[in-house]
Amino acid sequence: MPLHNLALIENWPVPTAATGVVRADGTVLGTHGPTTHRFPLASVTKPLAAYAVLVAYEEGAVELDEPAGPPGSTVRHLLAHTSGLAFDEHRVTAPPGQRRLYSNAGFEQLGDHIAKATEIEFAEYLHQAVLAPLGMNSTSLNGSPAKDGVSTVADLLLFAAELQAPRLLDPRTVAEAMTVQYPGTKGVLPGYGHQNPNDWGLGFEIRDSKSPHWTGSSSSPRTFGHFGQSGTFLWVDPTAGAACVTLTDRAFGPWATEAWPPFTDAVLAELTEL
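All of the points below concern the structure found in this document. Computed from a predicted model, the values in this text were never measured in an experiment.

Observations regarding the side chain of Q181
With respect to the element layout, Q181 can be found in the loop between α6 (171–177) and β6 (187–189). Filtering out sequence-adjacent residues up to four positions away, Q181 remains in contact with R76, A80, R100, E176, W200, G201 and L202.

Structural data, given as structure tokens:
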């Protein structure tokens, strides 16, 4: 039975949109729109970058708790947005571990750290460690590991299946990445204001009980993923046993805060009927 509610993206005020839903075993339950169209990912780049960092960790190139970023910060702090770095500036605004300061600069320093440790430019390391093994041949990183990825729904469905049933990483590593780091830390979720707590794993936002939120009201607290300012998102709901990728070419704004949650709720409602 196809997921008819994926067609709701037709009603969105965007020039181009594509979406798809996938199970852990790689079964694509449905798609809608041009799934091979390459979209700028904006911050949906971060989960891909984080996965490459975790490959570097498993390969022994880095340790999660080794120094990286500003003084006192570690790889773990950078992945969990608790390094104290500002949003888009390489400037320290808080001690590490005390506040959840969502930081593009932090992911850029993370990319530099991995490049130095592996002696491979980060974009190439991402390609070798994640993109090529998963067959994500239409995905590339041309700039910042925080926001300059380009990909397709078809490629990101491959990644979303990997997140549910890891082959490139030990499942225990992935479970750690989806576990709240520095519990109780509050901070701002971009586009949605102050959240207390503002829970994140290692490069992935964790829904928990956040409100308002970009996922649905029926999304389980275990849901994790990321959204991007280019009108993109990827969520995995372990309770529903599926993941959804949606890419558009209109910048995030009020249209998205209004359209995304009911879309997700409609998709989840259909999943319960399968």
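Having seen it, we continue.
Thoughts on the packing of aromatic side chains
Ring pairs (aromatic) are described by centroid distance and by the angle formed between their planes. Counted under the stated rule, the structure contains 16 aromatic pairs. With a centroid separation of 5.9 Å and 90° between ring planes, the pair formed by F204 and F224 is classed as edge-to-face. Here the residue F204 occupies a position in the loop between β7 (193–195) and β8 (205–206), and F224 occupies one in strand β9 (residues 224–228), the gap between them amounting to 20 residues. You'll find F204 and F224 in the same group, each marked buried. Through pairs of rings, three or more aromatic residues link up here, namely W12, Y192, W214, F227, F233, F252, W255, W260 and F263.

So, the environment of A240
Position of A240 relative to the elements: it lies in the loop between β10 (232–237) and β11 (242–248). Given the relative accessible area of 24%, A240 is considered partly exposed. Sequence-wise, A240 and L271 are 31 residues apart; in three dimensions their C-alpha atoms are separated by 7.0 Å. Residues within four places of A240 in sequence aside, it is in contact with R23, L268 and L271.

Digging into the side chain of R100
Residue placement: R100 occurs in the loop between α2 (75–79) and α3 (104–118). Despite its burial, R100 pairs with no opposite charge, the nearest such side chain being D199 at 4.6 Å. Here A80 takes part through its backbone oxygen, which lies 2.9 Å from a polar atom of the side chain of R100.

Some thoughts on helix α5 (residues 153–164)
Its 12 residues place the ends of α5 16 Å apart at the C-alpha level, agreeing with the 16 Å of an ideal helix rising 1.5 Å per residue. Taking burial as the measure, the 12 residues of α5 include 9 buried ones, the bulk of the element. Residues V153, D155, L156, L157, F159, A160, A161, E162 and L163 constitute the buried set of α5.

Here we look at the sheet that holds strand β5 (residues 149–151)
The sheet built from 3 strands is open, its strands ordered β3-β5-β4 with antiparallel pairing. Because the sheet does not close on itself, it has two edges, and the strands there are β3 (39–42) and β4 (140–141). Judged from the 2 bridges that link them, β4 and β5 form a sheet pairing that is antiparallel. The partner of S140 across the bridge, within β5, is V150.

Looking at the packing of helix α1 (residues 45–58) against helix α4 (residues 122–134)
The N-to-C vectors of α1 and α4 enclose an angle of 75°; their axes lie 9 Å apart at closest approach. With respect to each other, α1 and α4 are oriented roughly perpendicular. In this structure, α1 contributes L48, A49, Y51, A52, V53, V55 and A56 to the contact, and α4 contributes F122, Y125, L126, A129 and V130. Its residues assigned to classes, the contact of α1 with α4 comprises 12 nonpolar, no polar and no charged.

Concerning the pattern of salt bridges
All told, the structure shown has 6 salt bridges when counted by the stated rule. Between R91 and E89 there is a salt bridge; the shortest N-O distance is 3.0 Å. Note on E89: relative accessible area 43%, which makes it partly exposed. Between D148 and K147 there is a salt bridge whose closest N-O contact spans 4.0 Å. Looking at D148, the relative accessible area reads 26%, which means it is partly exposed. Exposure remark for K147: the relative accessible area of 33% places this residue in the partly exposed category. A network of salt bridges, in which partner residues are shared, links D65, R76 and E176.

Conventions adopted
- Residues numbered from 1 in each chain as written.
- Predicted model: local features only at pLDDT ≥ 70, side-chain atom pairs only at ≥ 80, totals over all residues.
- Heavy atoms only, no water.
- Helix = DSSP H or I, 4+ residues; strand = E, 2+ residues; numbered from the N terminus.
- Contact = heavy atoms within 4.5 Å.
- Phe/Tyr/Trp six-rings, centres within 6.5 Å; stacked < 30°, edge-to-face > 60°.
- Buried < 20%, exposed > 50% of the residue type's maximum accessible area, 1.4 Å probe, protein only.
- Lys, Arg positive; Asp, Glu negative; His and termini not counted.
- Salt bridge = Lys/Arg side-chain N within 4 Å of Asp/Glu carboxyl O.
- Polar contact = N/O pair within 3.5 Å; in protein donor to acceptor, adjacent residues only side chain to side chain.
- Expected span 1.5 Å × (residues − 1).
- Pairing = 2+ DSSP bridges.
- Axes fitted to C-alpha atoms, helices over the stretch in contact; angles between N-to-C directions.
- Parallel < 35°, antiparallel > 145°, perpendicular 65-115°, else oblique.
- Nonpolar A, V, L, I, M, F, W, Y, C, P; charged D, E, K, R; others polar.

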